Amino acid sequence: MTEPLLRVENLAKRFGATLACADVSFVLRPGEVLGIVGESGAGKTTLLRCLAGQLRPTAGRVLYRTRHEGEVDVYAIAEPARRLLLRTDWGIVHQNPRDGLRLEVSAGGNVGERLMAVGARHYGKIRNEVSDWLTRVELDPARIDQYPETFSGGMQQRVQIARNLVTKPRLLFLDEPTGGLDVSVQATLLDLLRSLVGSLGIAAVLVTHDLGVVRLLAHRLVVMKDGRIVEHGLTDQVLDDPQHPYTQLLVSSILPV
Amino acid sequence: MNASSPLQVAPAAGTTEGYNFGYLDEQTKRMIRRALLKAVAIPGYQVPFGSREMPLPYGWGTGGIQVTASVIGPADVLKVIDQGADDTTNAVSIRKFFNRVAGVRTTEKTSAATIIQTRHRVPETPLAENQILVYQVPIPEPLRWLEAREAETRRMHALAEYGAMRVNLYEEVARYGRIAKGYDYPVEVNGRYIMSPSPIPKFDNPKLDNNPALQLFGAGRERRIYAIPPYTKVKSLDFEDYPFTVERWAQACALCGATDSFLDEVIVDDQGARVFVCSDTDYCEDRRKQGFRGAAPDALAATASGAS
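Note that this is a predicted model, so its numbers are computed, not measured.

A. Looking closely at the sheet that holds strand β9 (residues 220-225) of chain A. Residues and elements named next belong to chain A. Read across the open sheet, the 6 strands follow the order β6-β7-β8-β3-β9-β10; overall the sheet is mixed. Pairing within the sheet leaves two strands with one partner each, and these edge strands are β6 (90-93) and β10 (228-234). Averaged over all neighbouring strand pairs, the angle between strand axes comes to 15°, with direction disregarded. Here strand β3 (residues 33-37) runs beside strand β8 (residues 203-208); their pairing, made up of 5 bridges, is parallel.

In structure tokens form, the structure reads like this:
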């Protein structure tokens, strides 16, 4: 088996007396998609922020295998190195595209930012690469100079995905990527994400409360309740044969269509 | 004031009674000099300092005047320019101010000055090693219009995260087909910090690079001091396929015929007739004394600024 890309060891995060998550441990291998499900307030987003280098955990370690330097502790390395990881090797797709995009900057500028941040200095090449990525996320490259607010919600989410994938990351953090979108838009966006993640071999951590989304995207599943992992296994296994009472409740509360 | 106090220097002959040499007290000068030393040690880095109230409003050069007051000595010769001109209100009053509170000699000649305080221009005449150029800076933070939070811009500088600055340039090329910024054009100093050169036209940016003179920048309202030491590499930001260029004019200076200087467009009558003249008045006058003549050497004879 390949070396794990991301290892989480006994991670815990407290906000004062409030425990947001505790005893979280798992591994993620290259190319693998891990779903984290649970109800609102289960600590999913806090966990994701801890994993993505944005929120220092109270206890535990997050270890990431870099391309050249082997495994590093995300919170032990210097801040410049961590921020470099964030804009090269990692991508974060926020639930709300307004959190992940610069609204006063055109779609092209948004997608090109990471390229320029890692040293691209040729306008024509940046532009070509951006057009290429807009095409890959199924946006019309003719809209490259338009502002995010002229795009629909689903399209903004595509711009955000392109903005993250342009530096060819190895690990993507997805926080409810389809939240707030209508069902048909969700379906096409999921389809796009699945094909991109599959074809590029990107590993991903996907946080959602939508079991349909994890069924479609995730290979493995982690079920969280009150900040702790209550069940962990292959997606189909967990969804078709839930063991923990809470998972059983989650699975049974999907409305049959 | 007690002239024997260790914090005061005896006033020079002919200066107004009751002021320390150079207006600021010695303790303040010391604080500013420490900031200046740090600024010189870290080219392009903005050093915070305790800006003092000065007898002129913010935006009129309080930062520059404090820097000048801290580096000036009795032997210095001061020149002050505003938009290139020695004879505008701001330049004249700052020159008079230092004449009164420090008793130093003042000049309009670039080559004769040891300290040149400037607003919005770098003199056309090349500077020398024994000269200090002091810039008045309104907004020292080049990232200010991209990121409003001071804590965040400081972190961006600390980590050299300048992607957003590039995005700004990208947006200009995407929108206008070129980098449209004409003044306060951001530069990278010594391969590290991105710095605002103060609102000088981008025409002057190449003069910042590898300049033999010491360049000091003072922002009074924003309380920042930064510097470019002599012979430091200063590069204007650009793209490989959209390189940095400076303004060019189809005309020569109407007074002196110069084609290598920054030109101001001046309306000379109420019919809308206009001429282009050197913005650097000393440079223009110098050339005329040497016998150079433009197309309309008397174009400004009727206006006050041409009279000098």
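So that's the structure; there's more coming.
B. Region of interest: the packing of aromatic side chains. Per the counting criterion, the structure on display carries 15 aromatic pairs over all chains. Its end group placed over the ring of Phe151 of chain A, Arg143 of chain A keeps NZ or CZ at 4.4 Å from the ring centre. Positioned over the ring face of Tyr193 of chain B is Arg192 of chain B, at 4.2 Å from the centre of the ring.

C. Main features of the interface of chain B and chain A. Contact residues are listed per partner, giving 19 residues for chain B and 22 residues for chain A. Carbon and sulfur atoms supply 55% of the area that chain B and chain A bury against each other, a total of about 1,800 Å² over both sides. When residues of chain B are sorted by the area they lose upon contact with chain A, Leu159, Val167 and Tyr170 of chain B head the list and together hold 30% of the total. The interface formed by chain B and chain A contains 4 salt bridges. As a salt-bridge pair, Glu161 of chain B and Arg83 of chain A come within 2.7 Å of each other at their nearest N and O atoms. Our enumeration of links across chain B and chain A arrives at 11 residue pairs in polar contact (both at pLDDT 80 or more). Going through the elements one at a time, α4 (150-158) and α5 (163-176) of chain B are the ones with two or more residues in the side of chain B that touches chain A.

D. The arrangement of unusual backbone geometry in detail. One non-glycine residue with positive phi stands out, namely Asp23 of chain A, at about 55°. Along the chain, Asp23 of chain A turns up in strand β2 (residues 18-28). The phi torsion at Tyr231 of chain B lies on the positive side, around 55°, for a residue other than glycine. Judged by its relative accessible area of 44%, Tyr231 of chain B is partly exposed.

E. Region of the structure containing the pairing of strand β1 (residues 6-15) of chain A. All names here are of chain A. Alignment of β1 against strand β4 (residues 59-66), held across 5 bridges, turns out to be antiparallel. Bridge assignment links Glu9 to a residue of β4, and that residue is Arg61. Where β1 and β2 come together, 7 bridges link them in antiparallel fashion. Residue pairing for β2: Val8 is matched across the bridge by Phe26. Hairpin remark: β1 followed by β2, antiparallel, with 2 residues in the connecting loop; positive phi at Gly16, about 60°.

Criteria and thresholds
- Residues numbered from 1 in each chain as written.
- Chains lettered and ligands numbered in written order.
- Predicted model: local features only at pLDDT ≥ 70, side-chain atom pairs only at ≥ 80, totals over all residues.
- Heavy atoms only, no water.
- Pairing = 2+ DSSP bridges.
- Helix = DSSP H or I, 4+ residues; strand = E, 2+ residues; numbered from the N terminus.
- Axes fitted to C-alpha atoms, helices over the stretch in contact; angles between N-to-C directions.
- Phe/Tyr/Trp six-rings, centres within 6.5 Å; stacked < 30°, edge-to-face > 60°.
- Lys NZ or Arg CZ within 6 Å of the ring centre and 35° of its normal.
- Contact = heavy atoms within 4.5 Å.
- Buried area = accessible area lost by both parts, 1.4 Å probe.
- Salt bridge = Lys/Arg side-chain N within 4 Å of Asp/Glu carboxyl O.
- Polar contact = N/O pair within 3.5 Å; in protein donor to acceptor, adjacent residues only side chain to side chain.
- Buried < 20%, exposed > 50% of the residue type's maximum accessible area, 1.4 Å probe, protein only.

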